[in-house]
Amino acid sequence: MSENNLVFFGVFNGLLISIIGESLGAVISFILYRKGINKWKRPFVLHPKLLKLKELEGSDAFWIIVSLRILPFMSSGLVTFTSAFSKVSLGTFALASTIGKIPALIFEAGAVYGFMQVNLIGKIVISILLMLDRVVNTCPI
């Protein structure tokens, strides 16, 4: 989510714009993946696990997509790719994907809005702590 959406449009409208943008991005990716999958018939498509996914459609696909979108560390691109590989319709994917993204976007909007309310010194302290956390958690030792 872009902080700019919240600054320029307010919390509610900024969140709404972010949801629309995320949804459109997922739908466009889904369409492009599906076109690519149909043109690129490689052996990986015959993998047994992917063949099971290929049969997903309707409410089963809907709830799996919603569930995967809600998971905070699930790769969005992987969810979109596997959905494009399945028989799920574009409409079902778009609705499930949008519903699944909303909780994370609300949480993110709240975090960004809260950060925007902090004074400059607080922002600097928070930024330094986040950078230190990143360094400590990526250190190979």
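That block above? That's the structure.
The present account deals with the structure reproduced in this document.

## Re the side chain of Arg69
Relative to the helices and strands, Arg69 is located in helix α3 (residues 58-70). Buried charge without a salt bridge: Arg69, with Glu22 as the nearest opposite-charge side chain at an N-O distance of 7.1 Å. Within the structure, the side chain of Arg69 is placed 2.8 Å from the side chain of Thr80, a separation counted as a polar contact. Beyond its immediate stretch of four places on either side in the chain, Arg69 contacts Ala26, Ser76, Val79, Thr80, Phe93, Ser97, Gly100 and Lys101.

## Remarks on the packing of aromatic side chains
Within this structure, the stated rule accounts for three aromatic pairs. Geometrically, the ring pair formed by Tyr33 and Phe81 is edge-to-face, given 5.6 Å between the ring centres and 90 degrees between the ring planes. Here Tyr33 is found in helix α1 (residues 3-39), whereas its partner Phe81 is found in helix α4 (residues 76-85), with 48 residues between them in sequence. Taking the relative accessible area as the measure of exposure, Phe81 reaches 24% and is therefore partly exposed.

## Here's the deal with the layout of surface pockets
Taken as a whole, the largest pocket holds about 380 Å³ of empty space. What lines the largest pocket is a set of 18 residues, among which Arg69, Leu71, Pro72, Ala104 and Glu108 lie closest to the centre. Mapped onto the lining of the largest pocket, the elements with two or more residues apiece are α3, α4 and α5 (90-117). Considering every element that reaches the lining of the largest pocket, the biggest residue donor is α5, with six residues. Looking at the lining of the largest pocket residue by residue, the class counts come to twelve nonpolar, two polar and four charged.

Conventions adopted
- Each chain has its residues counted from 1, running along the sequence as written.
- With pLDDT at 70 or above as the cut-off, local features in this predicted model cover only qualifying residues; side-chain atom pairs require 80 or more to be listed or tallied, and sums for whole chains, interfaces and linings still use all residues.
- Side-chain numbers here rest on the full set of heavy atoms in the structure, without hydrogens or water.
- Here a helix means four or more residues in a row that DSSP labels H or I, a strand means two or more in a row labelled E, and each is numbered from the N terminus.
- For each residue, the accessible area found with a 1.4 Å probe, counting protein chains only, is set against the maximum for its type, and the residue is called buried under 20%, exposed over 50%, and partly exposed in between.
- Note on charges: Lys and Arg go in the positive column, Asp and Glu in the negative column, and His and the chain ends are not counted at all.
- By definition, a salt bridge exists where a carboxyl oxygen of Asp or Glu is found within 4 Å of a side-chain nitrogen of Lys or Arg.
- Identification of polar contacts relies on pairs of N or O atoms within 3.5 Å, with a donor-acceptor requirement for protein atoms, meaning one able to donate a hydrogen and the other able to accept it, and with residues adjacent in sequence counted only if both atoms are side-chain atoms.
- Throughout, a residue-residue contact means that at least one pair of heavy atoms, one from each residue, lies within 4.5 Å.
- Under the pairing criterion, centres of Phe, Tyr and Trp rings, with the six-membered ring standing for Trp, must be within 6.5 Å; the plane angle then separates stacked pairs below 30 degrees from edge-to-face pairs above 60, leaving the rest tilted.
- Buriedness of a pocket was judged along seven lines, with at least five required to meet protein on both sides within 12 Å; pockets are open sets of points on a 1 Å grid over the protein atoms alone, cavities are sets where a 1.4 Å probe fits but cannot get out, and lining residues have an atom within 4 Å of a point.
- Grid points are joined across faces, edges and corners, and a volume is the space filled by probe spheres set on the points.
- Each residue is assigned to one class: nonpolar for Ala, Val, Leu, Ile, Met, Phe, Trp, Tyr, Cys and Pro, charged for Asp, Glu, Lys and Arg, and polar for all the others, Gly among them.

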